[in-house]
Amino acid sequence: EVQLVESGGGLVQPGGSLRLSCAASGFTFSSYAMSWVRQAPGKGLEWVSAINRGGGSTAYADSVKGRFTLSRDNAKNTLYLQMNSLRPEDTAMYYCAKYRYSGSYYYTGLNEYDYWGQGTQVTVSS
């Protein structure tokens, strides 16, 4: 059974940092690109960042570029999102998602994921 379990969310002041983790199990983690997707209150899904299966290539939404860093540890089957200089507009539920297809590239959309985690809430507020 595929499982994606996020952790690390919480309440942080503007300008602060958080590191999200996504523990994966039930599939060959190192064979699949992964992404983080978020959903702010009352809004639709927003793709945040993606990483290829080896971890050597990443992509970021313009809204988080330069502030967030995505990485993965294939030996630990874990995905990480380091979030710095957080802003109130980063407040959202954050989900990790497994790309449907194996391959060496990453995916920056919203439609081609076959598994999602339950999400971890990030709230940026003073």
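Residues numbered from 1 in each chain as written. Predicted model: local features only at pLDDT ≥ 70, side-chain atom pairs only at ≥ 80, totals over all residues. Heavy atoms only, no water.

**Comments concerning the overall build of the chain**
Phase 1 of the analysis: Of regular secondary structure, the chain possesses zero helices and eleven strands.
Phase 2 of the analysis: Its helices and strands in sequence order give the chain the pattern β-β-β-β-β-β-β-β-β-β-β, from N to C terminus.
Phase 3 of the analysis: Taking 126 residues into account, the globule formula puts the C-alpha radius of gyration at 14 Å, and the chain, at 13 Å, falls close to it.
Phase 4 of the analysis: The buried share among the 126 residues of the chain stands at 45%.
Phase 5 of the analysis: If you take every contact in the chain between residues at least 6 apart in sequence, the share linking residues at least 24 apart comes to 58%.
Phase 6 of the analysis: Only carbon and sulfur atoms are counted for the fraction: they give 44% of the accessible area of the chain, which is about 6000 Å².
Phase 7 of the analysis: In the chain, which carries 11 positive and 9 negative side-chain charges, the distance between the mean positions of the two groups comes to 4 Å. (Helix = DSSP H or I, 4+ residues; strand = E, 2+ residues; numbered from the N terminus. Rg over C-alpha atoms; globule rule 2.2 N^0.38 Å. Buried < 20%, exposed > 50% of the residue type's maximum accessible area, 1.4 Å probe, protein only. Contact = heavy atoms within 4.5 Å. Areas by Shrake-Rupley, 256 points an atom, 1.4 Å probe, with all protein chains shown as cover. Lys, Arg positive; Asp, Glu negative; His and termini not counted. Charge placed at Lys NZ, Arg CZ, Asp CG, Glu CD.)

**Focus on the pattern of salt bridges**
Phase 1 of the analysis: Across all of its chains, the model carries six salt bridges by this definition.
Phase 2 of the analysis: Two residues, R38 and D90, come together in a salt bridge whose shortest N-O distance is 3.0 Å. Of this pair, R38 sits in strand β4 (residues 32–39) while D90 sits in the loop between β8 (78–83) and β9 (92–102), and the two are 52 residues apart along the sequence.
Phase 3 of the analysis: Look at R38 and you get buried, because its relative accessible area is 5%.
Phase 4 of the analysis: We note a salt bridge from R67 to D90, for which the minimum N-O separation is 2.7 Å. Here the residue R67 occupies a position in the loop between β6 (58–60) and β7 (68–73), and D90 occupies one in the loop between β8 and β9, the gap between them amounting to 23 residues. The two residues R67 and D90 agree in class, both being buried.
Phase 5 of the analysis: Salt bridges sharing partners connect three or more residues here, namely R38, E46, R67 and D90. (Salt bridge = Lys/Arg side-chain N within 4 Å of Asp/Glu carboxyl O.)

**Topic: the nonpolar core**
Phase 1 of the analysis: If you look at the biggest cluster of nonpolar residues, it comprises 37 residues, and the most contacted ones within it are F27, W36, F68, L79, L81, M83 and Y94.
Phase 2 of the analysis: Residues within four places of F68 in sequence aside, it is in contact with R38, V48, Y60, L81, Q82, M83, N84, L86, D90 and Y94. (Core = buried A, V, L, I, M, F, W, Y, C linked by side-chain atoms within 4.5 Å.)

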